[in-house]
Amino acid sequence: MANTLNIERGTAQAARKMLAETIVWDTHAGVACRPTLDLSFLSRWRDGGATFIGLNVGWDALSWQESLRCAAHYRRWLELHSDDYVIVDRFADVERAKREGKLAVALDLEGANALDQNIEMIGAYHRLGVRQMNLAYNKNNAFAGGCTDEDIPLTPLGREAIAEMNRVGMLVDCTHTGYRSSMEIMEISKTPVIFTHSNPRALWDHERNLRDDQIKACARTGGVVGINGVSKYMAADEDCTPETIVNHIDYVANLVGVDHVGLGLDAVLDPDEMPNLVKEFPNVWPESEADQWDYSSWRFILPEQLPDIAEGLLLRQYSDSDIKKIMGQNFTRVAAAVWI
């Protein structure tokens, strides 16, 4: 028994040491967007060992005005707290944050309703710090199909949006996007496409999760699938552990290679947030979920558990170099190629 404890302690120490040596990248937080939000909670990512977090400033339930206000407020808040945080305008800012022991924060959009059907807004959001965007959040819109709605192709406006995102250097995200639209996006994008927080459907059959051919198409673009730590997209509620998320990482790594899997925990820190969001925006959520699920039962892998994920990968006999890829270097590679 004592020998087993020593092995476990040694593995945990090795995991923390490894994370200290590399960029640790969580590509999406699931915090609700508010134009007056105090962002002090971001310290939990830094304390958990993260170098980078992607923070959403809008989603399709909000008006474009609200999303724009959130982006302006978040950027100002981060600039006022520059002793601890670095707003990411270019990839070099991430590297600087690592050197200085700060948390790099980039903004993202979940759905293109924030554009007010005007692709010129993409450049405006980019100047505010938005570095990744998906076109639809669950439901269909003027740009693309959502993953819980009728499976429609990418619209002409959606094609224009992808071209503009490629032009300005904004990462194209297909999380929450419908199957046909996502496959078309991955065909036409001239830069690698990512899924910031999506899990394989083969392990957990939910319409929000990805089919194998979507994962393979993402890898063909040179992109990365960020595995999320949300119980409803991983397994049964009671099975929300680092080992569960490692199962999903393992599946994608075996399917398309270790170079195409990373992390996008989609962590919600407030246990009341999901039930409150469902009440506030009932039309965003699929009817099948509203009838069957108690959102108060959702569980999340939290930023403090990042070292536990690395430890779980060590216990699965992943090499140090492969663990560093999964924990951050894969998304680092893609961001370095796209952010200009």
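We now turn to the structure provided with this report. Just so it is clear, the model here is predicted, and its values are computed rather than measured.

Let's talk about the environment of Phe41
Position of Phe41 relative to the elements: it lies in the loop between strand 1 (25-29) and helix 2 (43-47). The class for Phe41 is buried, based on a relative accessible area of 16%. With 228 residues separating them in the primary sequence, Phe41 and Leu269 have C-alpha atoms 8.3 Å apart. Phe41 has contacts with Val31, Leu55 and Leu269, leaving out every residue within four places of it along the chain.

Observations concerning the pattern of salt bridges
Considering all chains together, one arrives at 15 salt bridges under this definition. We note a salt bridge from Asp93 to Arg96, for which the minimum N-O separation is 3.8 Å. Taken together, the residues span about one helical turn, with Asp93 and Arg96 both in helix 4 (residues 91-100) at a distance of three residues. Classification of Asp93 as buried rests on a relative accessible area of 8%. Across the salt bridge formed by Asp250 and Arg316, the nearest N and O atoms sit 3.7 Å from each other. Taken together, the residues Asp250 in helix 10 (residues 242-256) and Arg316 in the loop between helix 13 (306-315) and helix 14 (320-338) connect sequence positions 66 residues apart. Salt bridges sharing common partners tie together Arg75, Glu79, Asp89 and Arg131.

A word on the packing of helix 6 (residues 156-168) against helix 7 (residues 179-188)
Packing of helix 6 against helix 7 brings their axes to within 11 Å, and their N-to-C directions diverge by 45°. As the angle between them shows, helix 6 and helix 7 are arranged oblique. In the packing of helix 6 onto helix 7, the handedness of the crossing is right-handed. For the pair formed by helix 6 and helix 7, the contact residues are Arg159, Ile162 and Asn166 on the first element and Glu184, Ile185 and Ile188 on the second. Across the contact of helix 6 with helix 7, the residue classes tally to three nonpolar, one polar and two charged.

Looking at the packing of aromatic side chains
Scanning the model with the defined rule gives six aromatic pairs in all. An angle of 40° between the planes, with centres 6.0 Å apart, marks the rings of Phe52 and Trp339 as tilted. A residue pair is termed long-range when its members are at least 10 positions apart, and Phe52 in strand 2 (residues 52-59) and Trp339 in the segment after helix 14 qualify at 287 residues. Both rings, one in Trp59 and one in Tyr137, keep their centres 5.1 Å apart while their planes meet at 75°; by these two values the pair is edge-to-face. Here Tyr137 lies in the loop between strand 5 (130-134) and helix 6 and Trp59 lies in strand 2, a separation of 78 residues in the sequence. An identical accessibility class is assigned to Trp59 and Tyr137; each is buried. Put simply, the rings of Trp25, Phe52 and Trp339 pair up and form one aromatic cluster. A cation over a ring is seen here: Arg208 above Tyr233, with NZ or CZ 4.6 Å from the ring centre. Across the ring face of Tyr179, the terminal group of Arg211 is positioned such that the distance to the ring centre comes to 4.0 Å.

Considering the nonpolar core
Within the largest apolar cluster, 87 residues are counted, with the highest numbers of intra-cluster contacts made by Leu42, Leu135, Ile309 and Met327. Excluding residues that lie within four positions of it along the chain, Ile309 makes contacts with Pro242, Ile245, Val246, Ile249, Leu263, Leu265, Ile301 and Met327. By size, the runner-up hydrophobic cluster in this structure holds 18 residues, among which are Phe52, Val94, Leu171 and Val334.

Topic: the layout of surface pockets
Volume-wise, the largest pocket comes out at about 210 Å³. Surrounding the largest pocket, 14 residues form its lining, Leu19, Ala20, Gly49, Ala50 and Lys98 being those nearest its centre. When contributions to the lining of the largest pocket are tallied by element, the ones reaching two or more residues are helix 1 (2-20), helix 2 and helix 4. Taken as a whole, the second largest pocket encloses approximately 160 Å³ of empty space. Taken together, 17 residues make up the lining of the second largest pocket; nearest its centre are Cys147, Gly178, Tyr179, Arg201 and Glu207.

Here is what the cut-offs are and how they apply
Residues numbered from 1 in each chain as written. Predicted model: local features only at pLDDT ≥ 70, side-chain atom pairs only at ≥ 80, totals over all residues. Heavy atoms only, no water. Helix = DSSP H or I, 4+ residues; strand = E, 2+ residues; numbered from the N terminus. Buried < 20%, exposed > 50% of the residue type's maximum accessible area, 1.4 Å probe, protein only. Contact = heavy atoms within 4.5 Å. Salt bridge = Lys/Arg side-chain N within 4 Å of Asp/Glu carboxyl O. Axes fitted to C-alpha atoms, helices over the stretch in contact; angles between N-to-C directions. Parallel < 35°, antiparallel > 145°, perpendicular 65-115°, else oblique. Left-handed = near helix turned anticlockwise from the far one by under 90°. Nonpolar A, V, L, I, M, F, W, Y, C, P; charged D, E, K, R; others polar. Phe/Tyr/Trp six-rings, centres within 6.5 Å; stacked < 30°, edge-to-face > 60°. Lys NZ or Arg CZ within 6 Å of the ring centre and 35° of its normal. Core = buried A, V, L, I, M, F, W, Y, C linked by side-chain atoms within 4.5 Å. 1 Å grid on protein atoms, 1.4 Å probe; cavity = no way out; pocket = protein on both sides within 12 Å on 5 of 7 lines; lining within 4 Å. Points joined across faces, edges and corners; volume = space filled by probe spheres on them.

As far as function goes, none of this settles anything; it's purely spatial.
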